[in-house]
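Examining the three-dimensional arrangement
Chain by chain, the residues:
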Amino acid sequence: MIISYTKILEQKYDENMQLVGEPEEVVITHLKADEGKRIKQKSTGITGTAVDVAPPDTVENYEEVDDTNYTGA
Amino acid sequence: MLGRVKTAKPEEEIIVTAGTETKEVLPASGKAIKRVTVKPTPSQVKSVTPATAPQEVVPDGGKLLSKVTVAGDADLVAENVRKGTDIFGVLGSFDNSAGAYVWKKYTVTSGEQTLIGYIVSDNESEYPDGGTQGEYYYERVAEEPELKDYIAYADYGSDGRPQSVIMKVDPGSVKSGDAGLFQLYNSSDSEMGIYNFHSLRKYTALCDGVIPEKSFAYLLSYTPGHAYYATVRLKIKAKGIGQLAFQGFNAGIGDYGYVWISKDVEIIDCTSYNNSPFCGCGINTIYCEAESAPAGYKNYWNSYTMSKKFTTVWGVSESDFDASTN
């Protein structure tokens, strides 16, 4: 599995849509399955070929599995 | 025996025009009629244009009508006559009772126009969403919109409520809030969504074109005391998705909504986090059939708010999505 990252700056807003503090760095984690593999979302069992993981979601919620039994294509 | 010789009267010829009334032809005094020539009554043609009141066609004095022509108009067909109105035997079928008009909306970049969605307005002469001409280009959909087979129920639950809905959206044909299914963008910016299908779990939006802006906003909004459902599944099959199209989908339910986007979707339009089609949706993850983001997916397309994006899983088949979210 290939893992890469993208950092983006995101500004926080309060409930009145007023700016709060300084922009915070948010890291999007990109997961790319190796050939013959798929990435499985543990909570649902849904598999894909790549995932952009956005906080508060974390890479721990995903695992790479063989696509041997994958018939969805 | 002498007698008197009777002198013959001089004769005359008389020419008369027949006219429209009885005439008596008499000789002049001391004359006898040798011959009477009757000339025909002059005739005329007239034409009539139908109007709102009955019209009588009469000839001018001393004339007869030889022909009356009543004007026709190729536009006098049922499609051009308001539904329920009968004009000269043509029963109208035109139904625009909702007063909604459909506009195509394009972005304009370096003079190049790109269709990004459809907007419904109840104003036929003004741009419906206040967009700036120059930045956007609007084009009224010329044809009268017609909503076709936009909804089909299946899979009723034990409570008798529909749990599965397939909604077919004919692009450019969204014209009203029929059954409260569509988000209307009208002068008062009132919003409508599905509020009554509390047990709905499976929902598919089908569209050959771009799903209009705000068309399904607040779909399945949470209604306190009516959260019968545990999981709501939304599948989107279209060419494109307009801004705020599914804003607030399943809002208030938390983590129980699932969204799957067909690889046929080539355009997802937004210009900011706050007009993402999925802005404010109550979901955690967006599942896409495409292997990666197509070029037509604008930045912020998967934003929840300014400070949150949805996790996105790529390369998810429909069957896998169905099996895992049932």
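No experiment lies behind these values; they were computed from the predicted model shown. (Residues numbered from 1 in each chain as written. Chains lettered and ligands numbered in written order. Predicted model: local features only at pLDDT ≥ 70, side-chain atom pairs only at ≥ 80, totals over all residues. Heavy atoms only, no water.)

Moving on, we get to the interface of chain A and chain B. Facing 27 residues of chain A, the contacting portion of chain B comprises 22 residues. Our enumeration of links across chain A and chain B arrives at 0 salt bridges. Counting across the interface, chain A meets chain B through 11 residue pairs in polar contact (both at pLDDT 80 or more). The set of elements that each furnish at least two residues to the side of chain A that touches chain B consists of strand E1 (2-13), strand E3 (37-41), strand E4 (47-48) and strand E5 (50-53) of chain A. Considering each element in turn, the side of chain A that touches chain B owes the most residues, 5 residues, to E1(A). For the side of chain A that touches chain B, the residue count by class is 14 nonpolar, 8 polar and 5 charged. Here 3 bridges tie E5(A) to strand E21 (residues 311-314) of chain B, and the two strands are oriented antiparallel to one another. Looking across to E21(B), one finds that Asp52(A) is bridged to Thr312(B). (Contact = heavy atoms within 4.5 Å. Salt bridge = Lys/Arg side-chain N within 4 Å of Asp/Glu carboxyl O. Polar contact = N/O pair within 3.5 Å; in protein donor to acceptor, adjacent residues only side chain to side chain. Helix = DSSP H or I, 4+ residues; strand = E, 2+ residues; numbered from the N terminus. Nonpolar A, V, L, I, M, F, W, Y, C, P; charged D, E, K, R; others polar. Pairing = 2+ DSSP bridges.)

Here we take up the nonpolar core. Residues Ile236(B), Phe246(B), Ile261(B), Phe278(B) and Trp301(B) are the most contacted members of the largest nonpolar core, which totals 29 residues. The set of elements that each furnish at least two residues to this core consists of strand E12 (202-207), strand E14 (232-237), strand E16 (257-261) and strand E18 (283-288) of chain B. Residues Ile46(A), Val53(A), Trp260(B) and Phe321(B) belong to the second largest nonpolar core, which totals 13 residues. (Core = buried A, V, L, I, M, F, W, Y, C linked by side-chain atoms within 4.5 Å. Buried < 20%, exposed > 50% of the residue type's maximum accessible area, 1.4 Å probe, protein only.)

The next point concerns the sheet that holds E4(A). Strands sit in the order E4-E3-E6 (chain A) across an open sheet of 3 strands; the sheet is antiparallel. The open sheet has two edge strands, E4 and strand E6 (62-66) of chain A, and neither has a second partner.

Next up on the list: the packing of aromatic side chains. Residue and element names in this part refer to chain B. Summed over all chains, the structure comprises 9 aromatic pairs over all chains. Where Tyr297 meets Trp314, the ring centres are 6.4 Å apart and the plane angle is 35°; that geometry is what we call tilted. A residue pair is termed long-range when its members are at least 10 positions apart, and Tyr297 in the loop between E18 and strand E19 (303-305) and Trp314 in strand E21 qualify at 17 residues. Each of the two residues, Tyr297 as well as Trp314, counts as buried. Members of the aromatic cluster, connected to one another through ring pairs, are Phe246, Phe278, Tyr297, Trp301 and Trp314. For the cation-ring pair, Lys308 lies above Tyr304, with the distance from its terminal atom to the ring centre recorded as 4.9 Å. (Phe/Tyr/Trp six-rings, centres within 6.5 Å; stacked < 30°, edge-to-face > 60°. Lys NZ or Arg CZ within 6 Å of the ring centre and 35° of its normal.)

On to the state of the cysteines, then. Evaluated as defined, the whole model comprises 0 disulfides over all chains. Of all cysteine sulfurs in the structure, the one in Cys279(B) sits closest to Cys281(B), which takes part in no disulfide; the separation is 7.7 Å. (Disulfide = S-S within 2.5 Å.)

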